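Remarks on the overall topology
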Amino acid sequence: WQEVNVAKVREIVLSFRPSYIPSEEAIEEKTPEVEVIPEENLSYDERIAKGDYFFDRGFLTLAANEYVKAANLESGRTEPYLKLIQTHFALGDYEKARRNVDTLLLLEPQNPQAQLWRVHLDLKQGHLAEAQAAFEPLSQAFSQDPQLNYLKGILAILNNDYEEGK
């Protein structure tokens, strides 16, 4: 084996650099000073907004990270948990989504959105009896909700009641 002179190789490679690609020194000279806001100083609302930004662009793991940070800042608020449920559901991580449903229901036991998510998760994970049991109180309280009618149809079809499913 022959020893490689790294400095010489670098010099040769850089000699082939096209003129339109600036040198490293030129890039450093042109880079403006940017005030960086430390991540740890973001507020609850900024964390939620940042999470929404990531979620809307499909960066679901980054969105979840921001929602967790928002929940850590204000653990008594339900919004980050709802967003975490939606994000983990979209990621296919149903156990994490379920843990967030449970947390949300501890904060607000009658939260209809959390109860709906519980039905969705039970259906997705094949827990038909649990979905049916969780659905019954919801259907009585919110009988006109289109999402409930959809879930009612799915539950009916899964129970082989195709006429009711229509």
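Description of the structure in this document. These numbers were taken from a predicted model, which means no experiment stands behind them.

Looking only at helices and strands, the protein chain has 10 helices and zero strands in total. In the protein chain, the succession of helices and strands from N to C terminus is α-α-α-α-α-α-α-α-α-α. Per-residue burial for the protein chain yields a buried fraction of 29% across its 166 residues. Considering only intrachain contacts with a sequence separation of at least 6, the fraction spanning at least 24 residues in the protein chain is 43%. When the accessible surface of the protein chain is summed, it comes to about 11700 Å², and 54% of that surface belongs to carbon and sulfur atoms.

Below, the discussion takes up the pattern of salt bridges. Applying the stated criterion to the full structure yields seven salt bridges. With its nearest N and O atoms 3.0 Å apart, the salt bridge here joins Arg77 to Glu74. Measuring nitrogen to oxygen at the nearest pair gives 3.9 Å for the salt bridge that ties Asp93 to Lys96. Taking the relative accessible area as the measure of exposure, Lys96 reaches 35% and is therefore partly exposed. What emerges from the salt-bridge pattern is a single network uniting Arg47, Lys50, Glu66 and Lys69.

With their axes 11 Å apart at the nearest point, helix H5 (residues 79-91) and helix H7 (residues 112-124) run at an angle of 20° to one another. Considered as vectors, H5 and H7 are oriented roughly parallel to each other. Two packed elements cross with a definite hand, and for H5 against H7 that hand is left-handed. Contacts between H5 and H7 involve Leu82, Ile85, Gln86 and Phe89 from the first element and Gln113, Ala114, Trp117, His120, Leu121 and Lys124 from the second.

Turning our eyes to something else, we now look at the environment of Val68. Note on placement: Val68 falls in helix H4 (residues 60-73). For Val68 and Leu84, which are 16 residues apart along the polypeptide, the C-alpha to C-alpha distance reads 7.5 Å.

Enumeration according to the criterion identifies three aromatic pairs in this entry. Grouping aromatic residues by their ring pairs yields a cluster made of Phe89, Tyr94 and Trp117.

This part is about H4. A rise of 1.5 Å per residue sets the reference length of H4, with its 14 residues, at 20 Å; its end C-alpha atoms lie 20 Å apart and thus fit the reference within 8%. Listed as buried for H4 are Leu60, Ala63, Ala64, Glu66, Tyr67, Ala70 and Ala71. Relative to the axis of H4, the buried residues are bounded by an arc of 165° and lie together on one face.

Parameters at a glance
- Residues numbered from 1 in each chain as written.
- Predicted model: local features only at pLDDT ≥ 70, side-chain atom pairs only at ≥ 80, totals over all residues.
- Heavy atoms only, no water.
- Helix = DSSP H or I, 4+ residues; strand = E, 2+ residues; numbered from the N terminus.
- Buried < 20%, exposed > 50% of the residue type's maximum accessible area, 1.4 Å probe, protein only.
- Contact = heavy atoms within 4.5 Å.
- Areas by Shrake-Rupley, 256 points an atom, 1.4 Å probe, with all protein chains shown as cover.
- Salt bridge = Lys/Arg side-chain N within 4 Å of Asp/Glu carboxyl O.
- Axes fitted to C-alpha atoms, helices over the stretch in contact; angles between N-to-C directions.
- Parallel < 35°, antiparallel > 145°, perpendicular 65-115°, else oblique.
- Left-handed = near helix turned anticlockwise from the far one by under 90°.
- Phe/Tyr/Trp six-rings, centres within 6.5 Å; stacked < 30°, edge-to-face > 60°.
- Expected span 1.5 Å × (residues − 1).
- Arc of directions from axis to C-beta.

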